[in-house]
Amino acid sequence: MLTTVFPYDSVELSSNGREVIILDQSLLPNQEKFLHLTTAEQVFFAITLMKVRGAPAIGIAAAFGLAMTINRSKCRELDLFEKEFLRTKRYLYISRPTAINLMWALDRMEDCFYRVKNSIDDTDQTVIDIIKNALIAEARSIKVEETRMSVAIAENGISLLTHGCGILTHCNAGHLAVSRYGTALSPIYLAHQKGYSPMVYVNETRPLLQGARLTAYELMRAGIDVTLICDNMASIVMSQKRVDSVFVGCDRIAANGDVANKVGTSGLAILAKHYGVPFYVFGPSSTIDFNCASGRDIVIEERPSYEITDMYFSKPIAPKGTKVFNPSFDITPAELITGIVTEKGIFKPEEISKVK
Ligand code: MRU
């Protein structure tokens, strides 16, 4: 049985469905502060500014944000209520472009809206109340499913770990990125619980330092052996045979097995191939986009320059006005991936359509 290291989930909906509660990941590891979000705008900016981040967590937060906003709606006419729902959904849909879990969760909420609307013939107010309750239930079940998928990923992924093994990971694909347990980190937690004593090398993950700030924080809290490295040290770590495998999460898996994940992932995969280190990607089926033929079709988010030049430094580290390119993700081609670990098993990237 996988148990969690945190006494709380990183994303939650209050019991009355009127607040989305998130742990502000932008303040970690120095401050554990929970935000109580009560408007769609607050949820939008929490996602855009990465106070909540990680593909599954973004999807859950958006679904909760839509359910919460609609639950607070004062609309008494069904037509206007429907317009408000669609406007809010479209607004949250564009809060970040790469992780497909965001769109997947919001599309599921829309399906739920129309399933209920089309199945009831009653007064507007009664239909509105039933839809509100159904949307809250749907958003909660998205979270429950993501959590269950994380546990199944841990159970499938543990077969890739051995006693005292070394793992290199990038970014954060743990508890914080899902709301509980994680994807790439969940088998590591399970292995630790079973006494395997895994040793984890964590890439700091420039520029937003999800590895240093979040992954090191999570794993150390669980009592796992963590060694932090700068991203440009992965080559020497692999050359010295300090790691047996690379484990990373993903933001979108294309139908041909190409994977979008935090920028730097594709470089790690190239290094892993050079040194003969197995390279595994972990993700729930909600991260697979069968409408996306290959990695070339995935939109890569570009983020502001200050994240590279100023953020997390006490003084700017580049001349004012320096031209900056800040892609937040990159594409790892299927041929560099040893296996994709999902809740349904471990697949060769070219066989990812079997998950359907
Ligand atoms: O920009 P981020 O921090 O949201 O990027 C997150 C990642 O790249 C994760 O590896 C991915 O979302 C998987 S989370 C289980």
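Treat the numbers as computed from the prediction; the structure is a model and nothing was measured.

Cut-off values and rules
- Every chain is numbered independently, its residues counted from 1 as its sequence is written.
- A pLDDT threshold of at least 70 governs which residues receive local features in this predicted model, and a stricter bar of 80 or more applies before side-chain atom pairs are shown or counted, although totals over entire chains, interfaces and linings include all residues.
- To get the side-chain values, take all heavy atoms of the structure and skip hydrogens and water.
- A run of H or I in DSSP becomes a helix once it reaches four residues, and a run of E becomes a strand once it reaches two; helices and strands are each numbered from the N terminus.
- Exposure classes here rest on a 1.4 Å probe applied to the protein chains alone. A residue is buried below 20% of its type maximum, exposed above 50%, and partly exposed in between.
- Residue contacts are counted whenever heavy atoms from the two residues lie within 4.5 Å of one another.
- Note on areas: these come from Shrake-Rupley sampling with a 1.4 Å probe, and a residue is covered only by the protein chains present in the view.
- For the purpose of charge, His is not counted, nor are the chain termini; Lys and Arg are scored as positive and Asp and Glu as negative.
- A charged residue contributes its charge at one atom only: NZ of Lys, CZ of Arg, CG of Asp or CD of Glu.
- Patch building starts from residues that exceed 30% relative accessible area and form no salt bridge, then joins like charges within 9 Å and nonpolar side chains (Val, Leu, Ile, Met, Phe, Trp, Tyr) within 5 Å.
- Salt bridges, as used here, are contacts in which a Lys or Arg side-chain nitrogen is within 4 Å of a carboxyl oxygen on Asp or Glu.
- Each polar contact in these results corresponds to two N or O atoms within 3.5 Å; when the atoms are within protein, one needs to be able to donate a hydrogen and the other to accept it, and residues that are neighboring in sequence are counted only if both atoms are side-chain atoms.
- In this analysis, strands are considered paired if DSSP registers two or more bridges between them.
- Orientation is described by axes fitted as lines to C-alpha atoms, over the contacting stretch for helices, and by angles from 0 to 180 degrees between their N-to-C directions.
- For the purposes of this description, domain bounds are those given by an automatic or database domain assignment.
- Buried area is calculated as the accessible area (1.4 Å probe) missing from two parts once they are joined, with the contributions of both summed.

### Focus on the overall build of the chain
Counting its regular elements, the chain contains 11 helices and 14 strands. Projecting the C-alpha coordinates of the chain onto the three principal axes gives extents of approximately 70 × 50 × 40 Å. Counting over 356 residues, the chain shows a buried share of 57%. Long-range contacts, defined here as pairs at least 24 residues apart, represent 77% of the contacts in the chain between residues at least 6 apart. Accessible area for the chain stands at about 14900 Å²; split by element, carbon and sulfur atoms hold 53% of it. Taken together, the 38 basic and 39 acidic charged side chains of the chain have centroids lying 3 Å from each other.

### Some points on a nonpolar patch on the surface
Among the surface-exposed residues, F45, L49 and Y306 lie close enough to one another that they form a single nonpolar patch of about 300 Å² accessible area. When you line up the elements, Y306 lands in helix α11 (residues 306-309).

### Brief notes about the side chain of T169
Here T169 shows up in strand β4 (residues 166-169). A relative accessible area of 0% means that T169 is categorised as buried. A polar contact is formed between the side chain of T169 and the backbone oxygen of F247, at a distance of 2.8 Å. With residues near it in sequence (within four places) discarded, T169 still touches L185, V200, Y201, V202, N203, T215 and F247.

### Some thoughts on the pattern of salt bridges
Any two side chains of opposite charge can pair, on the condition that their charged atoms come close. Evaluated as defined, the whole model comprises 16 salt bridges. For D107, the salt bridge identified is with K89, shortest N-O distance 2.8 Å. Of this pair, D107 sits in helix α4 (residues 100-117) while K89 sits in helix α3 (residues 78-93), and the two are 18 residues apart along the sequence. When its relative accessible area of 8% is taken as the criterion, K89 is described as buried. E307 is the salt-bridge partner of R303, the closest N and O atoms lying 2.8 Å from each other. For the pair R303 and E307, one class covers both residues: buried. Three or more residues are tied together by salt bridges with common partners; here these are D9, E12, K143 and R180.

### Regarding the sheet that holds strand β2 (residues 20-23)
Here 3 strands make up an open sheet; going across it, the order is β1-β2-β3 and the pairing antiparallel. Two strands lie at the open edges of the sheet, namely β1 (11-13) and β3 (34-37), each paired on one side alone. Shown here is a sheet whose adjacent strand axes are inclined to one another by a mean of 20°, direction ignored. Of the strand pairs in this sheet, β2 and β3 are connected by 4 bridges, and their pairing is antiparallel. Considered in β3, the bridge of V20 is made with L37.

### Details of the sheet that holds strand β9 (residues 259-262)
The strand order β11-β8-β9-β12 describes an open sheet built from 4 strands, whose pairing is mixed. Looking at the sheet topology across the chains shown, the edges are occupied by β11 (288-289) and β12 (329-332). Note: strand β8 (residues 252-254) against β9, 2 bridges, orientation antiparallel. Bridge pairing links R252 to A260 in β9.

### Considering the domain arrangement of the chain
By the assigned domains, the chain splits into domain 1 (11-152) and domain 2 (160-355). One C-alpha centre belongs to domain 1, the other to domain 2; they are set 26 Å apart. Facing the 31 residues of domain 1 at the interface are 36 residues of domain 2. Buried area between domain 1 and domain 2, summed over both chains or domains, comes out near 2700 Å², and the portion from carbon and sulfur atoms is 55%. If you look at where domain 1 meets domain 2, you find 2 salt bridges. Close ionic contact of R221 with E32 constitutes a salt bridge, the shortest N to O distance being 2.5 Å. In this assembly, domain 1 and domain 2 are joined by 19 residue pairs in polar contact (both at pLDDT 80 or more).

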